[in-house]
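One-letter residues, chain by chain:
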Amino acid sequence: MQNTVISYLENTVGQYPDKVAVQDKESACTFEELRKAALCISTAIFRRIQMTKQPIFVYLPKSVRSIQAFMGVLYSGNFYTPTDVNFPFEKANSIIKCLQPALILSDTKHASILESNGVDSERILNLDEISFDAENEDFVCTDIIDTDVAYILFTSGSTGVPKGVVISHRSIIDYIDWAKECFRVNEKDTIGNQAPFYFDNSTLDIYLMLSTGATLQIVPEGLFAFPAKLMEYVRTMEINTIFWVPSVFINVANMDILSRIDCSCLKKILFAGEVMPNKHLNYWRKHIKDALYANLYGPTEITVDCTYYLVDREFADDEPLPIGVPCVNSNVMLLDDEGRLIEEANVTGELCVRGTSLALGYWNNWEKTNEVFVQNPMNKAYPEKIYCTGDLAHYNEFGEIMFDGRKDFQIKHMGYRIELGEIETMVLGLEEIKEACVLYDSDNREIVLCYVGLETANKQYLRRCLMNKLPKYMIPTKYIQMEVLPKNDNGKINRKELQKCIMEKA
């Protein structure tokens, strides 16, 4: 029986000890080397804190060493929280204050940053000072079960205070065992990682590598700003599996990169984190015909994804893409405002999830935990938690789930309830539009369209096109053309920054 994610690495080392496990732009390590480094780190952790089941903060650049650190933490019987060393230190410090880690793993360069910002050196374990070549008595904690914590990822709260999502070993195992079988990943695959390690999409990349013997290529972060160089890298490194946010696919399509660079090496193309416009997906499907395409959906609180759609039919550019059906061992429910189950087509409700994929809650935040992890209203007989995502969805005529947007993106305008995401889908279906985001200016009662597009895509043109696709009450009243839409750290459109832009232009 598998009760920790470390079992993945142990099993794979037995099968493929000399195969490359992880590679970044500067170094690589085999599965045997990954295990050896992780055990050295585990031993150093235990010698320092003599405790298990404690939070450990990883303050390292995204690299092979980061993966070794994560595994070292897990071998030691503790759990890890990654961050980005390029964040302003105030952001990292807010996580440290919330987490109160028993130890911080870093290197010489970044340990000095921590210390210069007031972090006690006694709280820091400098991995540059560990001898990875010496023969050590390896410490492996044997007191961990599948309901223990594996990692905590921090997401930005609506109040600006970060929320630490607590994920167990069992939740990861549940997700990875499904994904491995669903997408037929094996030791012959090369996974091209885009997601930052503090972003839950990276869970798929890291743990598919560990569980299958696939090689994880950590794509240099700077390449994602240059679509042509990015796809050249994919071709050169013979990457065949990717799980990226839609904005990356959109940029490649907008610059028509695939007509110049042959990326037929790609066989599994997965995406999640935002709505994927069919206009841009159709571009990819036209140029890479034989790949498996899958749209995945899920918040961090349910261990990456709870639904998926294997793209199996044609879609018009302005059609929305389904988020599909529940992943194995996840139960997805649509509930109305009274907590009643919705089963008929074309009726919108809040998407709620139950199953072992659910997070254990938010770290040291019972109030927020109890707000969204609630008793299943369908079950009155015994305690059972479901997670209320705050996302709205409905079933289409095929029984597939369709994402309608966030509850807080639903507005009341001119007496109508409007999903801003529906407007975005129609705008993104226009040939002249590259990116779009629709917001609501509640002070002036205006629907605002922010977009990147050709010069011909002016207000008059857009209004005329949308009048043929949407009812009059859904037509935007303000149009802001921009050179680029601001993105957050995960590559998603930053709606808060756009909201500020609206206020400045009001």
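This section reports on the structure supplied with the text.

Cut-offs applied
- Residues numbered from 1 in each chain as written.
- Predicted model: local features only at pLDDT ≥ 70, side-chain atom pairs only at ≥ 80, totals over all residues.
- Heavy atoms only, no water.
- Helix = DSSP H or I, 4+ residues; strand = E, 2+ residues; numbered from the N terminus.
- Rg over C-alpha atoms; globule rule 2.2 N^0.38 Å.
- Buried < 20%, exposed > 50% of the residue type's maximum accessible area, 1.4 Å probe, protein only.
- Contact = heavy atoms within 4.5 Å.
- Pairing = 2+ DSSP bridges.
- Axes fitted to C-alpha atoms, helices over the stretch in contact; angles between N-to-C directions.
- Core = buried A, V, L, I, M, F, W, Y, C linked by side-chain atoms within 4.5 Å.
- Salt bridge = Lys/Arg side-chain N within 4 Å of Asp/Glu carboxyl O.
- Phe/Tyr/Trp six-rings, centres within 6.5 Å; stacked < 30°, edge-to-face > 60°.
- Right-handed = clockwise from strand over helix to strand, strands pointing away.
- Arc of directions from axis to C-beta.
- Parallel < 35°, antiparallel > 145°, perpendicular 65-115°, else oblique.
- Left-handed = near helix turned anticlockwise from the far one by under 90°.
- Nonpolar A, V, L, I, M, F, W, Y, C, P; charged D, E, K, R; others polar.

As for the overall build of the chain
For the chain, the count of helices and strands is 14 helices and 26 strands. What you see for the chain is a C-alpha radius of gyration of 23 Å, in line with the 23 Å of a compact globule of 506 residues. On the principal axes, the C-alpha backbone points of the chain span a range of 70 × 60 × 45 Å. Burial status across the chain gives 58% buried among its 506 residues. Long-range pairs, those at least 24 residues apart, make up 67% of the contacts in the chain with a sequence separation of at least 6.

Topic: the sheet that holds strand 25 (residues 446–453)
Across the sheet, 3 strands lie side by side as 24-25-26; this open sheet has mixed pairing. The sheet terminates laterally at strand 24 (433–441) and strand 26 (478–481), the two strands that pair on one side only. On average, each strand axis in the sheet is inclined to that of its neighbour by 20°, with strand direction left out of account. As paired elements, strand 25 and strand 26 share 4 bridges and run parallel to each other.

Quick notes on the nonpolar core
With 88 residues, the main nonpolar core has Met 71, Leu 105, Phe 183, Tyr 207, Leu 296 and Leu 351 as its most contacted residues. The greatest single-element share of this core, amounting to 10 residues, is contributed by helix 2 (residues 31–49). What Met 71 contacts, discounting residues up to four positions off in sequence, is Ile 6, Leu 9, Leu 34, Ala 38, Tyr 207 and Leu 210. Counting residues in hydrophobic clusters, the runner-up holds 37 residues, among them Leu 230, Ile 239, Ile 242 and Ile 261.

Quick look at the pattern of salt bridges
With the rule as written, the count across this model stands at 18 salt bridges. With its nearest N and O atoms 2.7 Å apart, the salt bridge here joins Glu 10 to Arg 35. Residue Glu 10 is found in helix 1 (residues 6–15), and its partner Arg 35 is found in helix 2; the two are separated by 25 residues along the sequence. According to the relative accessible area criterion, Glu 10 is partly exposed, its value standing at 32%. Overall, the relative accessible area of 23% leaves Arg 35 in the partly exposed class. Between Lys 407 and Glu 350 there is a salt bridge; the shortest N-O distance is 3.4 Å.

What about the packing of aromatic side chains?
Summed over all chains, the structure comprises 19 aromatic pairs. Taking the centre distance of 4.3 Å and the plane angle of 10° together, the rings of Phe 70 and Tyr 80 count as stacked. Residue Phe 70 is found in helix 3 (residues 64–75), and its partner Tyr 80 is found in strand 4 (residues 79–82); the two are separated by 10 residues along the sequence. Assigned by exposure class, Phe 70 and Tyr 80 land together as buried. Measuring from ring centre to ring centre gives 5.0 Å for Phe 373 and Tyr 387, while their planes differ by 40°; the resulting arrangement is tilted. Here Phe 373, found in strand 19 (residues 373–375), pairs with Tyr 387, found in strand 20 (residues 385–395); they are 14 residues apart in sequence, far enough to count as distant. Like Tyr 387, Phe 373 is buried.

Here we look at the side chain of Ser 171
Position of Ser 171 among the secondary structure elements: in helix 6 (residues 169–182). Among residues more than four places away in sequence, those in contact with Ser 171 are Thr 303, Thr 356, Ser 357 and Leu 358.

Let's talk about the sheet that holds strand 15 (residues 325–326)
Within the open sheet, the 9 strands sit side by side as 2-1-10-9-11-12-13-14-15. Their pairing is mixed. Among the strands making up the open sheet, the edge pair consists of strand 2 (28–30) and strand 15. Helix 7 (residues 202–212) contacts strand 1 (20–23), strand 9 (190–193), strand 10 (215–218), strand 11 (241–244) and strand 12 (268–271) of the sheet and is inclined by roughly 150° relative to strand 9.

Quick word on the environment of Arg 35
As a C-alpha pair, Arg 35 and Val 448 span 413 residues in sequence and 52 Å in three-dimensional space. Those residues in contact with Arg 35 that sit more than four places away from it in its chain are Leu 9, Glu 10, Val 13 and Tyr 75.

Points about the pairing of strand 11
Side-chain positions along a regular strand alternate between the two faces of the sheet. Alternating residues of strand 11 divide into Thr 241 and Phe 243 and Ile 242 and Trp 244, and every residue in both groups is buried. As defined by bridge partners, strand 9 adjoins strand 11 across 2 bridges and the pair is classed as parallel. From the neighbouring strand, Gly 192 faces strand 11, where its bridge partner is Ile 242. For strand 11 and strand 12, the ladder comprises 4 bridges, and the chain directions are parallel. From the neighbouring strand, Phe 243 faces strand 12, where its bridge partner is Leu 270. In this view, the connection linking strand 11 to its parallel neighbour strand 12 by way of helix 9 (residues 246–254) has right-handed handedness.

Quick word on helix 8 (residues 227–236)
Of the residues making up helix 8, those classed as buried are Pro 227, Leu 230, Met 231, Tyr 233 and Val 234. Buried positions in helix 8, seen along its axis, are confined to an arc of 150° and lie on one side of it. Seen from the open side of helix 8, the exposed residues pointing more than 90 degrees away from its buried face are Lys 229 and Thr 236. Tucked into the core, helix 8 has its buried residues touching strand 10, strand 11, helix 9 and helix 10 (278–287). The positive-phi residue at the C-terminal boundary of helix 8 is Glu 238, with phi of around 55°.

Quick notes on helix 7
Across the 11 residues of helix 7, 11 count as buried, placing the element largely inside the fold. For helix 7, every residue scored as buried is listed here: Ser 202, Thr 203, Leu 204, Asp 205, Ile 206, Tyr 207, Leu 208, Met 209, Leu 210, Ser 211 and Thr 212. Just beyond helix 7, the residue with positive phi is Gly 213, at close to 90°.

A word on the packing of helix 9 against helix 10
Contact geometry of helix 9 with helix 10 gives a least axis separation of 9 Å together with a crossing angle of 65°. Classified by the angle between their axes, helix 9 and helix 10 sit roughly perpendicular to one another. Handedness of the crossing formed by helix 9 with helix 10: left-handed. Residues Phe 249, Ile 250, Val 252, Ala 253 and Asn 254 of helix 9 pack against His 280, Tyr 283 and Trp 284 of helix 10. For the contact of helix 9 with helix 10, a count of residues per class yields 6 nonpolar, 2 polar and no charged.

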